[in-house]
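Structure assessment
One letter stands for each residue in the lines below.
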Amino acid sequence: MPGKRVQLDDETWRALDLLGRDQMKDFQELADEAFRDLLKSTAGPASLKEALRRSAGASATVHRLKKKRR
């Protein structure tokens, strides 16, 4: 998993720390949620599955494969 280092000012860190404690989440969970929300608000796909559905277009149909019998 790729990682990046971020720098936050003291006030922002205290606010994020308090939010994390209130919601019982760690920094990584808060960051994941924030980036998912950012991608949604900018019309970017939040997952590979969503990106593939968008690229297929609105007229695409989903075909269910039959389960193999043994």
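My aim in this report is to walk through the structure given alongside it, one point at a time. Fair warning: this is a prediction, and the values are worked out from it, not measured in the lab. Per chain, the residues get numbers from 1 upward, laid out in the order the sequence is written. For this predicted model, a pLDDT threshold of at least 70 governs which residues receive local features, and a threshold of 80 or more governs which side-chain atom pairs are given and counted, while totals over whole chains, interfaces and linings are taken from all residues. Values shown for side chains rest on all heavy atoms present in the structure; no hydrogens or waters enter the calculation.

Each helix is a run of DSSP H or I of at least 4 residues and each strand a run of E of at least 2, with the numbering of both proceeding from the N terminus. Across its full length, the chain carries 3 helices and 0 strands. Secondary structure of the chain in N-to-C order comes out as α-α-α. In terms of overall dimensions, the chain is more spread out than a globule: its C-alpha atoms have a radius of gyration of 19 Å, far above the 11 Å expected for 70 residues. When a residue's accessible area, from a 1.4 Å probe over protein chains only, is under 20% of the maximum for its type it is buried; when over 50% it is exposed; and in between it is partly exposed. With 70 residues in all, the chain has 6% of them scored as buried. The atom set for the radius of gyration is the C-alpha atoms, and the globule formula is 2.2 Å times the number of residues raised to the power 0.38.

Right, let's talk about unusual backbone geometry for a bit. Residues other than glycine seldom take positive phi values, yet Met-24 does so here, at roughly 55 degrees. Among the secondary structure elements, Met-24 is positioned in the loop between helix H1 (10-23) and helix H2 (27-41).

Let us look at the pattern of salt bridges. In what follows, salt bridge is the name for a side-chain nitrogen of Lys or Arg lying within 4 Å of a carboxyl oxygen of Asp or Glu. In the structure shown here, the tally under the stated rule is 2 salt bridges. The partner of Arg-21 in a salt bridge is Asp-17, with the nearest N and O atoms 3.0 Å apart. Pair noted here: Arg-21 and Asp-17 are both in helix H1, with a separation of 4 residues, about one helical turn. In this structure Arg-21 comes out as exposed when scored by relative accessible area, which is 61%. The class of Asp-17 is partly exposed, set by a relative accessible area of 29%.

Once that is clear, we can look at the environment of Leu-65. Structurally, Leu-65 is set in the segment after helix H3 (48-56). A relative accessible area of 78% means that Leu-65 is categorised as exposed.

With that out of the way, let us pick up the packing of H1 against H2. Orientation is described by axes fitted as lines to C-alpha atoms, over the contacting stretch for helices, and by angles from 0 to 180 degrees between their N-to-C directions. Axis separation between H1 and H2 bottoms out at 9 Å; the angle between their running directions is 95 degrees. Relative to H2, the element H1 is oriented roughly perpendicular. Two secondary-structure elements touch here, H1 through Trp-13, Leu-16, Leu-19, Gly-20 and Gln-23 and H2 through Phe-27, Leu-30 and Glu-33. Classification used: nonpolar for Ala, Val, Leu, Ile, Met, Phe, Trp, Tyr, Cys and Pro, charged for Asp, Glu, Lys and Arg, polar for all others including Gly. Here the residues of the contact of H1 with H2 sort into 5 nonpolar, 2 polar and 1 charged. Here roughly perpendicular refers to angles of 65 to 115 degrees, roughly parallel to angles under 35, roughly antiparallel to angles over 145, and oblique to all remaining angles. The contact criterion used is simple: two residues touch if any of their non-hydrogen atoms lie within 4.5 Å.

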